[in-house]
Amino acid sequence: MLHVLKHPLITHKLTQMRKKETGTKDFRQNLDEIGGLMVYEITRNLPVQPVTIETPVATCETFELKKEVILVPILRAGLGMVSGICNLVPTVKVAHIGLYRDEETLEPHPYFEKYPKQMPEATVIIVDPMLATGGSANAAIDMVKRQGAKDIRLVCLVGAPEGVAAVEKQHPEIDIYLAALDEKLNEKGYIIPGLGDAGDRIFGTK
Ligand SMILES: O=c1ccn([C@@H]2O[C@H](COP(=O)(O)O)[C@@H](O)[C@H]2O)c(=O)[nH]1
Ligand SMILES: O=P(O)(O)OP(=O)(O)O
Ligand SMILES: [Mg+2]
């Protein structure tokens, strides 16, 4: 199911990222902050379990998170969303999936994967700022499923209708979270209007 998180602060920060004159430092900062703002919605239905604790003045029956949360950035661009989310989710673990997109075929090519052992029982949150054709997201979802992951969420900033449709077709049970659903893809597979190549803008590689 698709969720588009239309919060004024998220929209404002995304607008700064879209501007072509925004430099690497501001681009990174806004991406990190949006990651933090989106995490509230992404984690809204995380399961909790009852615990009994002692406050300074009394015994208290309360709740704690029940499951591990594992964040899975798709390299490179997904790295830009890690610290904003890690700052807010206690005990989060971070897996890594390396994928690059062939510029001609737009096919995703895996080059790295590393996971904590708790993948089967954890809530797994895959992050990549851009959901374009959906090839990278579908490949990443396949990879975490091979590790036994069952509770999987996909979090991107900007999505194209083509990418949303591709993920919904291949993995219909996955919740997809976006900050904006854009118009379309261009002939090179870039999102229109989008924000350009997220990895290059984060790391200054162009
Ligand atoms: O406008 C865009 C489109 C794509 N990217 C990068 O490509 C992948 C996602 O592309 P898929 O076609 O969905 O596989 C994503 O990891 C981005 O790094 C982009 O930066 N900007
Ligand atoms: O998907 P790509 O090829 O744009 O990868 P990166 O995020 O490393 O730029
Ligand atoms: Mg890139």
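Residues numbered from 1 in each chain as written. Chains lettered and ligands numbered in written order. Predicted model: local features only at pLDDT ≥ 70, side-chain atom pairs only at ≥ 80, totals over all residues. Heavy atoms only, no water.

Around the magnesium ion (ligand 3), the protein supplies Asp 197 (OD) and Asp 197 (OD) as donor atoms, at distances of 2.4 to 2.7 Å. Position of Asp 197 among the secondary structure elements: in the loop between strand S15 (191–192) and helix H6 (198–203). (Donors = N, O, S within 2.8 Å, 3.2 Å for Na, K, Ca; no water. Helix = DSSP H or I, 4+ residues; strand = E, 2+ residues; numbered from the N terminus.)

Moving on to the site of ligand 1. Around ligand 1, the surrounding shell holds 16 residues, and the nearest of these are Arg 101, Asp 128, Thr 133, Ser 136 and Gly 196. Ala 132 is positioned with one of its backbone polar atoms (N or O) 2.9 Å from an oxygen atom of ligand 1. Residue Ala 198 places a main-chain N or O atom 2.8 Å away from an oxygen atom belonging to ligand 1. The fraction of the free accessible surface of ligand 1 (460 Å²) that becomes covered by protein chains is 93%. Of all the secondary structure elements, the ones that give two or more residues to the shell around ligand 1 are strand S9 (130–131) and helix H4 (135–146). For the shell around ligand 1, the residue count by class is seven nonpolar, six polar and three charged. (Near = heavy atom within 4 Å. Polar contact = N/O pair within 3.5 Å; in protein donor to acceptor, adjacent residues only side chain to side chain. Areas by Shrake-Rupley, 256 points an atom, 1.4 Å probe, with all protein chains shown as cover. Nonpolar A, V, L, I, M, F, W, Y, C, P; charged D, E, K, R; others polar.)

The strands that make up a sheet are held in pairs by hydrogen bonds between backbone atoms, and each pair lies either parallel or antiparallel. A sheet is described by the order of its strands in space; here three strands give the open sequence S9-S11-S13, paired in parallel fashion. Each having just a single partner strand, S9 and strand S13 (180–181) make up the two edges of the open sheet. Across two bridges, the pairing between strand S11 (residues 158–159) and S13 is parallel. Counted as the bridge partner of Val 158 is Ala 180 from S13. (Pairing = 2+ DSSP bridges.)

Glancing now at the nonpolar core. In this structure, Leu 14, Met 38, Val 155, Leu 157 and Leu 195 are the most contacted members of the largest nonpolar core, which totals 35 residues. Among the secondary structure elements, those contributing two or more residues to this core are helix H1 (8–18), helix H2 (24–42), strand S4 (69–75), helix H3 (82–86), strand S8 (123–127) and H6. Among the elements that make up this core, the one with the highest residue count is H2 (six residues). In this structure, Ala 139, Ala 140, Met 143 and Val 164 belong to the second largest nonpolar core, which totals 27 residues. (Core = buried A, V, L, I, M, F, W, Y, C linked by side-chain atoms within 4.5 Å. Buried < 20%, exposed > 50% of the residue type's maximum accessible area, 1.4 Å probe, protein only.)

Summed over the entire model, instances satisfying the criterion amount to nine salt bridges. Notably, a salt bridge pairs Arg 44 with Glu 41, separated by 2.8 Å at the nearest N-O pair. A relative accessible area of 55% places Arg 44 in the exposed class. Judged by relative accessible area, Glu 41 falls into the partly exposed class, the value being 29%. (Salt bridge = Lys/Arg side-chain N within 4 Å of Asp/Glu carboxyl O.)

So, about the packing of aromatic side chains. Two aromatic rings, taken as a pair, are described by how far apart their centres are and by the angle between their planes. Counting across every chain of the model gives one aromatic pair. The residue whose ring lies beneath Arg 101 is Tyr 190, and the NZ or CZ to ring-centre distance is 5.6 Å. (Phe/Tyr/Trp six-rings, centres within 6.5 Å; stacked < 30°, edge-to-face > 60°. Lys NZ or Arg CZ within 6 Å of the ring centre and 35° of its normal.)

Taken together, Leu 75, Arg 76, Ala 77, Leu 99, Tyr 100, Arg 101, Asp 197 and Gly 199 make up the full set of residues near ligand 2. In the model, an oxygen atom of ligand 2 is placed 2.8 Å from a nitrogen or oxygen of the Arg 76 side chain. Within the backbone of Arg 101, a nitrogen or oxygen atom sits 2.9 Å from an oxygen atom of ligand 2. In isolation ligand 2 offers 280 Å² of accessible surface; the protein chains occlude 77% of this area. Here the shell around ligand 2 gets three residues from one element, more than from any other, and that element is strand S6 (residues 96–101).

This part takes up the packing of H1 against H2. Viewed as axis vectors pointing N to C, H1 and H2 meet at an angle of 155 degrees, and their least axial separation amounts to 9 Å. The orientation of H1 with respect to H2, classified from their angle, is roughly antiparallel. As H1 runs across H2, the sense of the crossing is left-handed. The segment H1 lies against H2, with Leu 9, Ile 10, Lys 13, Leu 14, Gln 16 and Met 17 engaging Phe 27, Asn 30, Leu 31, Glu 33, Ile 34, Leu 37 and Met 38. Along the lines of polarity and charge, the residues of the contact of H1 with H2 split into nine nonpolar, two polar and two charged. (Axes fitted to C-alpha atoms, helices over the stretch in contact; angles between N-to-C directions. Parallel < 35°, antiparallel > 145°, perpendicular 65-115°, else oblique. Left-handed = near helix turned anticlockwise from the far one by under 90°. Contact = heavy atoms within 4.5 Å.)

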